[in-house]
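# Structural description and commentary
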Amino acid sequence: MDNFLSADDIRTRFSLAMSAMYQQEVPQYGTLMQLVATVNDRALEVDIALKDRLTASDEIGRLNLERHGAIRVGTAEELATLRQLFAVMGMFPVGYYDLSQAGVPVHSTAFRPVNDAALRRNPFRVFTSLLRPELIDDHALREKAAAILARRDIFTARCRELLQLHQQQGGLTREQATEFVAEALETFRWHAHSSVDSQTYQALNQQHRLIADVVCFPGCHINHLTPRTLDIDRVQQLMPSRGINPKTLIEGPPRRQVSILLRQTSFKALEEPIIFQDGHQGTHTARFGEIEQRGVALTPQGRALYDRLLNEAGSGEDNQQHQQHLAAIFRDFPDDETTLRQQGLAWFHYRLSEKGIATPPAQGESLEALIAEGRVLADPIIYEDFLPVSAAGIFQSNLGDRVQVRSAGQSSREAFEAALGAAVLDEMALYEERQQRSLSQCGIRPA
Ligand code: OOG
Ligand code: NI
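Described below are features of the structure shown in this document. (Residues numbered from 1 in each chain as written. Chains lettered and ligands numbered in written order. Predicted model: local features only at pLDDT ≥ 70, side-chain atom pairs only at ≥ 80, totals over all residues. Heavy atoms only, no water.)

## Remarks on the overall build of the protein chain
- Within the protein chain, the secondary structure is distributed over 19 helices and 11 strands.
- Overall, the C-alpha framework of the protein chain stretches about 75 × 55 × 45 Å when taken along its three principal axes.
- Across the 447 residues of the protein chain, 53% fall into the buried class.
- Long-range pairs, those at least 24 residues apart, make up 75% of the contacts in the protein chain between residues at least 6 apart in sequence. (Helix = DSSP H or I, 4+ residues; strand = E, 2+ residues; numbered from the N terminus. Buried < 20%, exposed > 50% of the residue type's maximum accessible area, 1.4 Å probe, protein only. Contact = heavy atoms within 4.5 Å.)

Here is the structure:
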């Protein structure tokens, strides 16, 4: 029993293996990683407080490591098997993202660790999208896509065996885990050989580039990985100097004193040579590199304010102008921790200070008074999820900015969960539980 490797360790091994594979497959991604490391080093040099904070929380060593990746799959069976595969690594489906609203024929979830300890160990997540073939309007082509998908198995036979073994044993030994990581990795490898002829590829690509990407290959190649940056504006600015072509806009909120949610940007997907089954050669554009910077998670109220301001700000053609415009609009969003907390806009993790341990909260003492006296400390809870508008922006910049608005296909969370074989967890409930648990641990009862 206790000779099993922990799910956290398997996840860490897997994310490192994935990173090594992707850097080898996409050298430009390695260049981005180097740029991120350089900018992070510089940010730590000029901000000693930040350095101290990251050192104290033991984050320095893992700073430049990947925080997420993304894949796209074609069938319910593939999605359901991925759920088992990620469960081995302590990653569970959180949230439902409907991207059809933005003209992308997929819906998605994020497989990620859910508890505090696992998130601290390694917060690696995989944004996972399922194709919605009902949004292919050409009937014959839809049938064809389904037939192609039905023929493939994106998992190795040994990977499937190890998944079964994991279910029977309740874990994997060190040797089994090593084998599992290697076998699981195969699912996410790039294939320069398409599994269809060039005509089929063209037809599917015509419908939507994403459809060709999902249907025409024998696996679900990882399409990007995303390390954490301490200064996303700087990396965006410096990308061209390293021969990297960034997408136009940084997605998400503007730069602020107190970072909220998630800011992200990427380089544009590369055009890569592929060979079709009929021997014809062509290119496929799917893979890129991304960076992210996370801030505090917002409550439903904070999120509603974010959505409203983001909507008000609209989009832009020039990043610098857009960021200035965003910053102006977001002046309506309080930018200090105390106000965010007092107005119930963001989630916080509460803990007792030394003073608070010496004089624990008594019945009837208010949280505000305890904080004012320095007996209770409030730390922002980091946002662990994704943003649908940002995700749509990332998708679109990698689809040649060709927006095809579909008949805003009905949001179909039930269909997604049926395919997944499980309900997705509610991210807001997870944040609320974490806040609530921290209050209970301080001995503070809900007001
Ligand atoms: C996923 C795009 C979404 C993000 O960071 O918002 C995403 C994809 O392109 O498959 O990864
Ligand atoms: Ni991403």
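## Regarding the sheet that holds strand E2 (residues 92-98)
- The sheet built from five strands is open, its strands ordered E2-E3-E4-E1-E5 with mixed pairing. Strand pairing shows two members of the sheet lacking a second neighbour, E2 and strand E5 (224-227), which therefore form its edges. Direction aside, neighbouring strands of the sheet carry axes that sit 20° apart on average.
- Pairing analysis gives six bridges linking strand E1 (residues 66-73) to strand E4 (residues 125-131), with the strands arranged parallel. Within E4, the residue paired with Ala70 across the bridge is Phe127.
- Across the sheet, helix H17 (residues 388-397) lies against E1, E2, strand E3 (106-112) and E4, angled at about 75° from E4, the strand it touches most. (Pairing = 2+ DSSP bridges. Axes fitted to C-alpha atoms, helices over the stretch in contact; angles between N-to-C directions.)

## Considerations on the coordination of the nickel ion (ligand 2)
- Bound to the nickel ion (ligand 2) on the protein side are His68 (NE2), His224 (NE2) and Glu290 (OE), at distances that span 2.0 to 2.1 Å.
- One chain supplies every donor to the nickel ion (ligand 2), and in sequence these donors are spaced H-x155-H-x65-E. Taken as a pair, His224 in strand E5 and Glu290 in strand E9 (residues 290-294) lie far apart in primary sequence, 66 residues in all. For the residue pair His224 and Glu290, the accessibility class agrees, reading buried in each case. (Donors = N, O, S within 2.8 Å, 3.2 Å for Na, K, Ca; no water.)

## Describing the nonpolar core
- If you look at the biggest cluster of nonpolar residues, it comprises 56 residues, and the most contacted ones within it are Phe14, Leu85, Phe86, Phe180 and Phe188.
- In terms of residue count, the dominant contributor to this core is helix H2 (residues 27-46) (six residues).
- If we skip the residues at most four places from it in the chain, Phe180 touches Ile10, Leu85, Val88, Met89, Cys159, Leu162, Leu163 and Leu172.
- In terms of nonpolar packing, the next biggest core, distinct from the first, is built from 46 residues, Tyr97, Ile260, Tyr306 and Ile381 among them. (Core = buried A, V, L, I, M, F, W, Y, C linked by side-chain atoms within 4.5 Å.)

## Overview of the packing of helix H4 (residues 76-88) against helix H7 (residues 157-169)
- Where H4 contacts H7, the two axes come as close as 10 Å, and the packing angle between them is 55°. With respect to H7, the element H4 is oriented oblique. The two elements H4 and H7 cross, and the hand of that crossing is left-handed. Residues Glu77, Thr81, Gln84, Leu85 and Val88 of H4 lie in contact with H7, whose contacting residues are Cys159, Arg160, Leu163, His166 and Gln167.
- Here the residues of the contact of H4 with H7 are counted per class, giving four nonpolar, four polar and two charged. (Parallel < 35°, antiparallel > 145°, perpendicular 65-115°, else oblique. Left-handed = near helix turned anticlockwise from the far one by under 90°. Nonpolar A, V, L, I, M, F, W, Y, C, P; charged D, E, K, R; others polar.)

## Regarding the pattern of salt bridges
- All told, the structure shown has 33 salt bridges when counted by the stated rule.
- We note a salt bridge from Arg125 to Glu292, for which the minimum N-O separation is 4.0 Å. One end of the pair, Arg125, is in strand E4; the other, Glu292, is in strand E9, and 167 residues separate them in sequence. Each member of the pair, Arg125 as well as Glu292, carries the same accessibility label: buried. (Salt bridge = Lys/Arg side-chain N within 4 Å of Asp/Glu carboxyl O.)

## Re H17
- For H17, the tally of buried residues reaches eight of 10 residues, placing the bulk of the element in the interior.
- Within H17, burial applies to Ser390, Ala391, Ala392, Gly393, Ile394, Phe395, Gln396 and Ser397.
- Of the surrounding secondary structure, the elements contacted by the buried residues of H17 are E1, E3, E4, helix H10 (209-215), strand E6 (262-266) and E9.

## Concerning the site of ligand 1
- If you check the shell around ligand 1, you find His68, Ala70, Arg72, Phe127, Asn223, His224, Gln264, Glu290, Phe386, Ala391 and Phe395 and nothing else.
- His68 places a side-chain nitrogen or oxygen 3.0 Å from an oxygen atom of ligand 1.
- Residue Gln264 places a side-chain N or O atom 2.7 Å away from an oxygen atom belonging to ligand 1.
- Relative to its free-state accessible area of 320 Å², ligand 1 is covered by the protein chains to the extent of 100%.
- Of all the secondary-structure elements, those providing two or more residues to the shell around ligand 1 are E1 and H17.
- Considering every element that reaches the shell around ligand 1, the biggest residue donor is E1, with three residues.
- Broken down by class, the residue content of the shell around ligand 1 amounts to five nonpolar, four polar and two charged. (Near = heavy atom within 4 Å. Polar contact = N/O pair within 3.5 Å; in protein donor to acceptor, adjacent residues only side chain to side chain. Areas by Shrake-Rupley, 256 points an atom, 1.4 Å probe, with all protein chains shown as cover.)

## Thoughts on the side chain of Glu417
- With respect to the helices and strands, the residue Glu417 is situated in helix H18 (residues 413-420).
- Dropping the residues within four chain positions of it, Glu417 is found in contact with Ala422, Ala423 and Val424.

## Digging into the state of the cysteines
- Under the criterion given, the structure shown has zero disulfides.
- The closest cysteine sulfur to the non-disulfide-bonded Cys159 is located on Cys220, 11 Å from its own sulfur.
- Residue Cys220 is classed as buried on the basis of its relative accessible area, which comes to 1%. (Disulfide = S-S within 2.5 Å.)

## Some remarks on the packing of aromatic side chains
- Throughout the structure, instances matching the rule amount to 13 aromatic pairs.
- For the ring pair Tyr97 and Phe386, a centre distance of 6.4 Å and an interplane angle of 85° mean the geometry is edge-to-face. One end of the pair, Tyr97, is in strand E2; the other, Phe386, is in the loop between strand E11 (376-380) and H17, and 289 residues separate them in sequence.
- Of the residues examined, Tyr97 reaches a relative accessible area of 4% and is grouped as buried. (Phe/Tyr/Trp six-rings, centres within 6.5 Å; stacked < 30°, edge-to-face > 60°.)

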